[in-house]
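What follows is each chain in one-letter form.
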Amino acid sequence: MRTYLVTGGAGFIGSNYIHYMFRKYGDEIRVINVDCLTYAGNLENLKGVEDRENYVFVKADIRDREAIEKIFAEYDVDRVVHFAAESHVDRSIRNPEIFVETNVLGTLVMLNAAKKAWETQDGGFLPDKKFLHVSTDEVYGSLEEGDTYFYETSPIDPHSPYSASKASSDMLVKAYIDTYKFPANITNCSNNYGPYQFPEKLIPLIINNALQGKKLPVYGDGKNVRDWLYVDDHAKAIDLVQEKGRLGERYNIGGHNEKQNIEIIHIILDTLQEMLPEGDPRKALVSRDLITYVEDRKGHDRRYAIAPDKIKEEIGWYPKTMFQEGIRLTIQWFFEHEEWMKHVTSGDYQKYYAEMYQA
Ligand code: NAD
Ligand code: DAU
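Residues numbered from 1 in each chain as written. Chains lettered and ligands numbered in written order. Predicted model: local features only at pLDDT ≥ 70, side-chain atom pairs only at ≥ 80, totals over all residues. Heavy atoms only, no water.

**Examining the site of ligand 1**
Phase 1: Within the structure, ligand 1 sits among 29 residues, and Ile-13, Asp-35, Ser-87, Tyr-162 and Lys-166 are positioned closest to it.
Phase 2: Asp-35 is positioned such that a nitrogen or oxygen atom in its side chain is 2.5 Å from an oxygen atom of ligand 1.
Phase 3: Tyr-162 places a polar side-chain atom, nitrogen or oxygen, 2.6 Å from an oxygen atom of ligand 1.
Phase 4: Out of a free accessible area of 850 Å², ligand 1 has 96% covered by protein chains.
Phase 5: If you tally residues by element for the shell around ligand 1, the top one is strand β5 (residues 130-136), at three residues.
Phase 6: Considering only residue class, the shell around ligand 1 consists of 14 nonpolar, 11 polar and four charged. (Near = heavy atom within 4 Å. Polar contact = N/O pair within 3.5 Å; in protein donor to acceptor, adjacent residues only side chain to side chain. Areas by Shrake-Rupley, 256 points an atom, 1.4 Å probe, with all protein chains shown as cover. Helix = DSSP H or I, 4+ residues; strand = E, 2+ residues; numbered from the N terminus. Nonpolar A, V, L, I, M, F, W, Y, C, P; charged D, E, K, R; others polar.)

This is the structure we're talking about:
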């Protein structure tokens, strides 16, 4: 039975990945989920898998070398899938330190622990051991209108403290590949959306606010472009890269689904109107009048757009869920998980929201 060590598996993409892997492989795999449960980590995201005999949760911080080495000593780990990170750009602008600590130093701890567990006496590595570092398209910086796409060969040019910390962690992984022939891959994915996404990010924030008749904050002119991918398609890509990718390679992941932020907000409002049943009191609240232009994000990247040619050609990955379908699935999920939203938006979220949006 192959053993996966997943870091950050209680977060948005990590939990979707774990659900995806159990749907695909069932009892053929074992998953060890290591997460220290920051504000973004939520064990409610793992309902349905937590009782499985082939699933283990370990509450630990990836910066804690001893704790991470203990996991490698206890389990014969075959695959590391490294999601754990501080992931929100706005938070990084307010408090960069934790981004460097978690994203850079935490990644170094993970690399060293895997290297120690997997290296052989002749300086090589045990067979069929693989480390996948989950990264972002933001490391490539910002495109302007008229530019083409981010390719794997595009210059690394991060602008926010978040993207600088992710670029630094990518560089460390690359250094381990180049120096030690460490068996790793890096993936750089575009913006994800779907179930379990924390409502500090654009799509769940807009869905949640619109359903309550609260203002919908649009940064700047609303014309910044992001390239949106349904989270299950990201999970599938990660699995395929580990199975079929060439070791040491970087793969971009994205589905050519570029949209301006204001377009996304219009689509969400229209879809909510279509999906809410007649007589539902929330129907009267959902309105374009809620759209409120607010101060722009500092250093706001204008456009992200991924060229996924390499992963398509080499591995045969393609996105299955088109945006119109993905946004409906996402909204339906939020309709069915009101309690989840209530839980994650209580407490600290209220404080964050009030500080961030002066609301
Ligand atoms: P998230 O913020 O929802 O989840 C992060 C998880 O990591 C949480 O469960 C948190 O508790 C855990 N974590 C944070 N610090 C930790 C630490 N020190 N030790 C152990 N666990 C810790 O993030 P996400 O959106 O799911 O992103 C996951 C990964 O994917 C990140 O590396 C991010 O950079 C990358 N990524 C995200 C997107 C996106 O659109 N969300 C796109 C491309 C890449
Ligand atoms: O591109 C991949 C990245 O996508 C990931 O690496 C990050 O972890 C993830 O958070 C995401 O970063 P973005 O900054 O692009 O996502 P966010 O949802 O925060 O914002 C999307 C766009 O919407 C961005 O242009 C800022 C804008 N925005 C965001 C919020 C929260 C608003 O206009 N209003 C808002 O309230």
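Moving on, there is more to tell.
**Points about the environment of Asp-147**
Phase 1: Mapped onto the secondary structure, Asp-147 falls in the loop between β5 and α5 (161-180).
Phase 2: In sequence terms Asp-147 and Ala-305 are 158 residues apart; their C-alpha atoms lie 9.4 Å from each other.
Phase 3: Side-chain polar atoms of Asp-147 contact the backbone nitrogen of Glu-144, separated by 2.9 Å.

**Here we look at the pattern of salt bridges**
Phase 1: For the structure on display, the rule yields 29 salt bridges.
Phase 2: Asp-232 serves as the salt-bridge partner of Arg-23, at 3.0 Å between the closest nitrogen and oxygen. Of this pair, Arg-23 sits in helix α1 (residues 12-25) while Asp-232 is found in helix α7 (residues 231-244), placing the two residues 209 residues apart along the sequence.
Phase 3: Look at Asp-232 and you get partly exposed, because its relative accessible area is 23%.
Phase 4: Lys-310 is the salt-bridge partner of Glu-249, the closest N and O atoms lying 2.6 Å from each other. One end of the pair, Glu-249, is in the loop between α7 and β10 (250-253); the other, Lys-310, is in helix α9 (residues 309-315), and 61 residues separate them in sequence.
Phase 5: On the basis of relative accessibility, which here comes to 22%, the residue Glu-249 falls in the partly exposed class.
Phase 6: Several salt bridges converge on common partners, so that one network encompasses Arg-2, Arg-79, Asp-128 and Glu-243. (Salt bridge = Lys/Arg side-chain N within 4 Å of Asp/Glu carboxyl O. Buried < 20%, exposed > 50% of the residue type's maximum accessible area, 1.4 Å probe, protein only.)

**Some words on unusual backbone geometry**
Phase 1: Although it is not a glycine, Tyr-196 sits at a positive phi angle of roughly 70°.
Phase 2: Of note, Tyr-196 is situated in the loop between β7 (191-193) and α6 (202-211).
Phase 3: You can call Tyr-196 buried: its relative accessible area is 13%.

**Some thoughts on the side chain of Thr-321**
Phase 1: Here Thr-321 is to be found in the loop between α9 and α10 (323-336).
Phase 2: Assessed through its relative accessible area of 12%, Thr-321 is described here as buried.
Phase 3: With near-sequence residues (within four places) excluded, Thr-321 lies in contact with Tyr-230, Asp-233, Gly-326 and Leu-329. (Contact = heavy atoms within 4.5 Å.)

**Remarks on the packing of helix α8 (residues 261-275) against α10**
Phase 1: As a packed pair, α8 and α10 sit with axes 10 Å apart at the nearest point and diverge in direction by 60°. Taken together, the axis directions place α8 and α10 in an arrangement best described as oblique. Here α8 runs over α10; the crossing is right-handed. The residues of α10 that touch α8, namely those facing Ile-264, Ile-267, Ile-268, Thr-271, Leu-272, Glu-274 and Met-275, are Phe-323, Gln-324, Ile-327, Arg-328, Ile-331, Gln-332 and Phe-335. (Axes fitted to C-alpha atoms, helices over the stretch in contact; angles between N-to-C directions. Parallel < 35°, antiparallel > 145°, perpendicular 65-115°, else oblique. Left-handed = near helix turned anticlockwise from the far one by under 90°.)

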